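Fold and contact review
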Amino acid sequence: MIIKKIIIENYLCYYGIKEFDLSEGLNIIVGENGEGKTKFFEAIDWLLNGDSNNLELLISAKALNEVSIGEVFRVKVLMEVIPEYGGTASISKSFIVKKSNNGDSIISNYIIEGVERNNIGERSIIDGKTLLERIFPFEIRKYSLFKGESDLEIFKSEAALSNLINLFSDAKHYDKYSTKGEFLRLKSETAVATATKNIDTNKNNYELLEREIKRLEDSKYDITVHLNITEEEIIKVNENLEDAEQHVKNAEALKTINEKIFNIEDKIKKCNSHIDENYTTALFDEKWFLVHFEPIQRKFAEKITNLSQEKRRLQSDFDKKKGIKEGERKAKMELLNNVIPLPIGVPSKAHLEEMLKDEVCKVCNRPVEKDSEPYKFMIKRLEEYIQSQKPDVENEEEKVLFEHNYINRLESLSISHEDNLKQLRSTEQQIKDWFLLNEKLKVEINELEEQLVKQKEERNKILGNSSLAAEKLSDVLKNYNAWQKYLLGKEREKLEYSSKLHDLDIQLHSKRTEKDGIDLKSAHSFLIKTRDILRDIETIFKDTKQNKFNEFIEKLQLKSNSIFSQINIDSFTGIIKFTKKKRGDKDAIEIELQENGRVFYKPNQSLLTSMYISILFAISELSAEVKERYPMIFDAPTSSFGESKTSEFLNLIHETKGQKILLIKDFLITNKETRNLEVKKEFQNVKRDKAFWIRLQRPFNKQNLTTLNTEIITL
Amino acid sequence: MRQDKILSSFLQHELLLTKYHLNQAELPTKVRDAINSEIPIVKTIGLIVEALEKQIPETDNSLRNIVLQYLNTAAV
């Protein structure tokens, strides 16, 4: 079947009636994103497979906008084809739209119409659905339309390829021979059994054998069912494991990254907790404000010293003037040798007593022997002090120069400040250390945050590569281990069932041989011969069907690889390997991309796409040998290809047989001067039978659907 | 013809050589010839292919009658 023409009318961006006159070879439709390619594909898909849902969403906004209220127009997709059996046929799907008072649309149900014209031009109207099934059956249609690269991955399902091979190879045709062969063999077995049982001497023993065989066959059936279920479960678990293996790698990586992230976040938290920037409190509580107090204290101490000296000098003068006792004065003068004496009480009473007791002058740090001059001096000083503390009865009435001892208090204050100075001197360092620590912690936090960002990016990559959500991914590890255990159990179960089946086969063979022996002695030889021939015919039919299937796979592998290597002419591809596997009682085909007999590790999307396309084309070509050809329609099948690979790919497709319609966005460029979209010159070198450029009519407002109208330019 | 192709694919089975000692050269290539063969297994396969490749294939009962009737007679 070949699609001759596609007509799209008022379908979304296709305003008015738009016709595509197609060639029976390679048709290339180029167009920028959003200018009508996918809508073309969807229009055909709606015609072939669509239902009545959301018809209002298929209406051209421009058409609805341009009709008056109450006016009607039609939305229609029509396909004109040349069927294999000759003549022409057209199938259309359409509905009517009426513009309502409020500007909305009122739509009718859709109708499918079919028209056939025979070779002499006679026209007949046929039910559209019936005609569609006749010229383009559903099971073929579902393998003819491919939207995007992901649609091509149908072969990921082993059953899909098996179905496709059955559909397109002639192996399917041999099914009925298998069934009829078995039917005839059973009839002949019954005839033999009936004849044997007619002989009384055989009857009991024979019936016993038949019952035993029946019991064994039932057991075999049960065990086979269980074995099939177990094998299917093994396949599923293996698929889960294979699938999970990708995730497990991710899950393990995720676990590591999550731990790293946790550690980094923990460190950041600790660093933050150590940062203390409560400087105002420290200013008072830690006496930071006194950091520059020392020079003040120095000046203060100097002033106090000066003041004290001045006071003592004044006191001395005063004493002299007042005629204080000569002895005292002499002694003082002797002692002081005309030097201004230290005030009374310095050193203190307690210190003098301690020094006298220890016989050491702790002022000059020298020993002071008892009764030595210095010792006596110290005793004298002590006595002077004690004396000074007693009320001076004699001079009670005498006028004193300094009524209050403020200077002493100031001196004490200065001394106490001196004691604090040691601590104050470390304040500056303490402030520096404090600021330094905070800065260091901040730098560390910045570094940790940078690490955190990187680790989170890494985690996003892992999650991005995974189809599972983060929380599910962490469950994968748990499931993976559980699945592995489960798989081991199932493998053991399979072994047990297989062993039981083997035993049952031996028993069955023995009983059947025994039964055949009775048959041979009892039944007519012609019945035996008939049965034996029909047993052989059944074997021949079943084996031939299997062989046909295998032959097709072999041819398919050869053809697929030939196309595959042509598509990837300048690059390494590996080999597409088809492996037939038994899935329970069904055949399944596994496809692998191998390099030197080993599975190709992680082929890129472009390679996978070209592999799937190669298989599809190979099936299409091989099926044409036994069945009719059908068109294949691809929307953006080569998005992972570069333009040059697409070009080679199209040239290759041009060489293959059968009708292909490809929608691609390559070979268009915006002219820098005119800002207009143009078809590249390189497209002239692309082999094709027909090419169209679909683009939105300019000018248009991309935010206003009523301005959109796709126009078709035949290239 | 399609039915001849199907017949040939059956007659290529190794059982015909190993058990029935029939060489490919002496086997018919057309259903018409197979039906006229004197070798029971060849004729039976020919009959089945003819019955199933008709535009309206034979029913199960009819097929059984055709095949068993011939074989029971031929194998006497």
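Residues numbered from 1 in each chain as written. Chains lettered and ligands numbered in written order. Predicted model: local features only at pLDDT ≥ 70, side-chain atom pairs only at ≥ 80, totals over all residues. Heavy atoms only, no water.

1. Side note on the overall build of chain A
The condition is simple: A helix here means a DSSP run of H or I that spans at least four residues, while a strand means a run of E at least two residues long, and both kinds are numbered starting from the N terminus. Exposure is judged per residue with a 1.4 Å probe applied to protein chains only, and the accessible area is read against the type maximum: over 50% gives exposed, under 20% gives buried, and values in between give partly exposed. The criterion used for residue contact is that any of the two residues' heavy atoms lie within 4.5 Å. For accessible areas, the Shrake-Rupley method is used with a probe of radius 1.4 Å. Any residue's cover is judged against the shown protein chains and nothing else.
Looking only at helices and strands, one finds 17 helices and 20 strands in chain A. Going through the 715 residues of chain A one by one, you find that 40% of them count as buried. Of the contacts formed within chain A by residues at least 6 apart in sequence, a portion of 70% connects residues at least 24 apart. Surface exposure of chain A reaches about 41100 Å², of which carbon and sulfur atoms provide 50%.

2. A look at the overall build of chain B
Each helix and strand counted, chain B has five helices and zero strands in total. Moving toward the C terminus, one meets the helices and strands of chain B in the order α-α-α-α-α. For chain B, the residues scored as buried account for 45% of the 76 residues in total. Counting only contacts in chain B whose residues sit at least 6 apart along the sequence, the fraction spanning at least 24 positions is 39%. As displayed, chain B has an accessible area near 4300 Å², and 50% of this comes from carbon and sulfur atoms.

3. Describing the packing of helix α4 (residues 40-53) of chain B against helix α5 (residues 60-74) of chain B
Residues and elements named next belong to chain B. Which entries qualify depends on this criterion: Here, axes are lines fitted to C-alpha atoms. For helices the fit covers the stretch in contact, and angles between N-to-C directions go from 0 to 180 degrees. Reported orientations rely on four angle classes, namely roughly parallel under 35 degrees, roughly antiparallel over 145, roughly perpendicular from 65 to 115, and oblique for the rest. By convention, the crossing between two helices is left-handed when the near helix turns anticlockwise from the far helix through less than a right angle, and right-handed when the turn is clockwise.
For the pair α4 and α5, the least separation of the axes is 10 Å and the interaxial angle reads 165 degrees. It follows from the interaxial angle that α4 and α5 lie roughly antiparallel. Every pair of crossing elements has a handedness; the one defined by α4 and α5 is right-handed. Of the residues in α5, those touching α4 at Pro40, Lys43, Thr44, Leu47, Ile48, Ala51 and Leu52 are Leu63, Ile66, Val67, Tyr70 and Leu71.

4. A short note on a nonpolar patch on the surface
Residues and elements named next belong to chain A. The following threshold applies: Patches in this entry comprise residues that are over 30% relatively accessible and not in a salt bridge; like charges within 9 Å are linked, as are nonpolar side chains (Val, Leu, Ile, Met, Phe, Trp, Tyr) within 5 Å. Within this document, salt bridges are pairs made up of a side-chain nitrogen of Lys or Arg and a carboxyl oxygen of Asp or Glu, the two lying within 4 Å of each other.
Together, Tyr221, Val225 and Ile229 line one region of the surface with nonpolar side chains, adding up to about 280 Å² of accessible area. Mapped onto the fold, Ile229 is located in helix α7 (residues 200-274). Classification of Ile229 by relative accessible area gives partly exposed; the value is 40%.

5. Topic: the nonpolar core
Soluble globular proteins tend to pack their nonpolar side chains together in the buried interior. Put simply, the rule is: Side-chain atoms within 4.5 Å link the members of a nonpolar core, which is a set of buried Ala, Val, Leu, Ile, Met, Phe, Trp, Tyr and Cys residues.
With 49 residues, the main nonpolar core has Phe578 and Met611 of chain A as its most contacted residues. Broken down by element, this core gets its largest block of residues, 11 residues, from helix α16 (residues 605-626) of chain A.

6. Regarding the pattern of salt bridges
Side chains bearing opposite charge may pair, as long as their charged atoms lie close to each other. Residues and elements named next belong to chain A. Counted according to the given criterion, the structure contains 47 salt bridges over all chains. In this structure, the salt-bridge partner of Glu217 is Arg512, at a minimum N-O distance of 2.5 Å. Linking Glu217 in helix α7 with Arg512 in helix α14 (residues 470-522), this pair joins segments that are 295 residues apart in sequence. Here Lys456 and Glu265 are joined by a salt bridge, their closest N and O atoms 3.6 Å apart. With Lys456 in helix α13 (residues 406-465) and Glu265 in helix α7, this residue pair connects regions lying 191 residues apart in the sequence.

7. Comments concerning the environment of Lys681 of chain A
Mapped onto the secondary structure, Lys681 of chain A falls in the loop between β18 (677-679) and β19 (690-696). For the pair formed by Lys681 of chain A and Ile669 of chain A, sequence separation is 12 residues and the distance between their alpha carbons is 9.8 Å.

8. Concerning the sheet that holds strand β16 (residues 660-664) of chain A
Residue and element names in this part refer to chain A. Convention followed: Here a strand pair is declared whenever DSSP counts at least two bridges between the two strands.
Spatial strand order, β9-β15-β16-β3-β19-β20: six strands in an open sheet with mixed pairing. Among the strands making up the open sheet, the edge pair consists of β9 (145-147) and β20 (710-714). Sheet twist, expressed as the average angle between the axes of neighbouring strands with direction ignored, equals 15 degrees. Here strand β15 (residues 632-635) runs beside β16; their pairing, made up of four bridges, is parallel. Bridge pairing in β16 places Ile633 opposite Ile661. Set on the sheet, helix α1 (residues 37-49) makes contact with β3 (26-30), β9, β15, β16 and β19; between it and β9 the angle comes to about 140 degrees.

9. A look at the interface of chain A and chain B
Interfaces are often described in size by the accessible area the parts lose on coming together. Operational definition: Joining two parts hides part of their accessible area as seen by a 1.4 Å probe, and the buried area is that hidden amount summed over both. Between N or O atoms, a polar contact is any pair within 3.5 Å; within protein, one atom must be a potential hydrogen donor and the other a potential acceptor, and residues adjacent in sequence are included only when both atoms are from side chains. Think of it as three bins: nonpolar holds Ala, Val, Leu, Ile, Met, Phe, Trp, Tyr, Cys and Pro, charged holds Asp, Glu, Lys and Arg, and polar takes everything else, Gly as well.
Taken together, the 24 residues of chain A in the interface contact 27 residues of chain B. Buried area between chain A and chain B, summed over both chains or domains, comes out near 2500 Å², and the portion from carbon and sulfur atoms is 71%. Of all residues in chain A, Tyr177, Ile533 and Ile540 of chain A bury the most surface against chain B, accounting for 22% of the area lost on that side. Seen at the junction of chain A and chain B, the total is three salt bridges. The shortest N-O distance in the salt bridge between Asp536 of chain A and Lys19 of chain B comes to 2.8 Å. For the interface between chain A and chain B, the tally reads 10 residue pairs in polar contact (both at pLDDT 80 or more). Where the side of chain A that touches chain B is concerned, the elements lending two or more residues are α6 (175-197) and α15 (525-567) of chain A. Ranked by residue count, the leading element in the side of chain A that touches chain B is α15 of chain A, at 15 residues. Residues of the side of chain A that touches chain B, tallied by class, amount to 11 nonpolar, five polar and eight charged.

10. Some points on helix α1 (residues 2-11) of chain B
Residues Asp4, Ile6, Leu7, Ser9, Phe10 and Leu11 of chain B constitute the buried set of α1 of chain B. Buried-residue contacts for α1 of chain B involve α6 and α15 of chain A together with α2 (15-18), α3 (31-35) and α4 of chain B.

11. Quick word on a negative patch on the surface
Selection rule: Positive charges come from Lys and Arg alone, negative charges from Asp and Glu alone, with His and the N- and C-terminal ends not counted. In this description, the location of a charge corresponds to atom NZ of lysine, CZ of arginine, CG of aspartate or CD of glutamate.
Together, Glu239, Glu242, Asp243 and Glu245 of chain A make up a region of like negative charge exposed at the surface. Inspection of the secondary structure assignment puts Glu242 of chain A in helix α7.

12. Quick word on the packing of helix α11 (residues 349-358) of chain A against helix α12 (residues 373-389) of chain A
Packed helix pairs are specified by the crossing angle of their axes together with the interaxial distance, meaning the distance between the axes. Residue and element names in this part refer to chain A. The contact between α11 and α12 brings their axes to 10 Å, and the two run at 150 degrees. Relative to α12, the element α11 is oriented roughly antiparallel. Relative to α12, the crossing made by α11 is left-handed. Only Tyr375, Met378, Ile379, Arg381, Leu382, Tyr385 and Ile386 of α12 make contact with α11, whose side of the interface consists of Lys349, Leu352, Glu353, Met355 and Leu356. When grouped by side-chain class, the residues that make up the contact of α11 with α12 number nine nonpolar, no polar and three charged.

13. Describing the pairing of strand β1 (residues 2-11) of chain A
Residue and element names in this part refer to chain A. Across the 10 residues of β1, eight count as buried, placing the element largely inside the fold. Summarising the sheet, β1 and strand β4 (residues 72-82) pair through seven bridges and their orientation is antiparallel. Note on β4: the bridge partner recorded for Ile7 is Leu78. Judged from the six bridges that link them, β1 and strand β2 (residues 14-21) form a sheet pairing that is antiparallel. Opposite Lys5, over in β2, you have Asp21 as the bridge partner. Once β1 ends, the chain turns through two residues before running back antiparallel as β2, passing Leu12 with a positive phi of about 50 degrees.

14. Some details on the side chain of Thr646 of chain A
Residues and elements named next belong to chain A. Topologically, Thr646 is positioned in helix α17 (residues 643-655). Thr646 sits in the buried class, given a relative accessible area of 0%. Not counting residues up to four positions away in its chain, the partners in contact with Thr646 are Thr638, Phe641, Ile664, Asp666 and Phe667.

15. A look at the environment of Ala253 of chain A
Within the secondary structure, Ala253 of chain A is located in helix α7. Spatially, the C-alpha atom of Ala253 of chain A lies 8.3 Å from that of Arg459 of chain A, the residues being 206 residues apart in sequence.

16. A few points about unusual backbone geometry
Along the chain, Arg698 of chain A connects to Pro699 of chain A via a cis peptide bond; the corresponding omega equals -10 degrees. For Pro699 of chain A, the location among the structural elements is in the loop between β19 and β20. Here the phi dihedral of His21 of chain B falls at roughly 55 degrees; this positive angle occurs in a residue that is not glycine. With respect to the secondary-structure elements, His21 of chain B resides in the loop between α2 and α3.

17. With respect to the packing of aromatic side chains
Just so we agree on the cut-off: Two rings from Phe, Tyr or Trp (for Trp, the six-membered ring) form a pair when their centres sit within 6.5 Å of each other. Planes less than 30 degrees apart are called stacked, planes more than 60 degrees apart edge-to-face, and all others tilted. A positively charged side chain is recorded as over a ring if its NZ (Lys) or CZ (Arg) lies within 6 Å of the ring centre. The angle to the ring normal must also be within 35 degrees.
Scanning the model with the defined rule gives 20 aromatic pairs over all chains in all. Taking 5.4 Å as the distance between ring centres and 70 degrees as the angle between the ring planes, the aromatic pair formed by Phe20 of chain A and Phe692 of chain A counts as edge-to-face. Note that Phe20 of chain A is positioned in strand β2 and Phe692 of chain A in strand β19, a separation of 672 residues in sequence. According to the relative accessible area criterion, Phe20 of chain A is buried, its value standing at 0%. Between Tyr174 of chain A and Phe10 of chain B, the ring centres sit 5.6 Å apart and the planes meet at 80 degrees, which makes this aromatic pair edge-to-face. Here Tyr174 of chain A, found in the loop between α5 (158-168) and α6, pairs with Phe10 of chain B, found in helix α1, and the two come from separate chains. By the ring-pair criterion, three or more aromatic residues cluster together here, those being Tyr11, Trp46, Phe95 and Tyr110 of chain A. For the cation-ring pair, Lys93 of chain A lies above Trp46 of chain A, with the distance from its terminal atom to the ring centre recorded as 5.2 Å. Sitting over the face of the ring of Phe617 of chain A, Lys660 of chain A holds its NZ or CZ atom 4.6 Å from the ring centroid.

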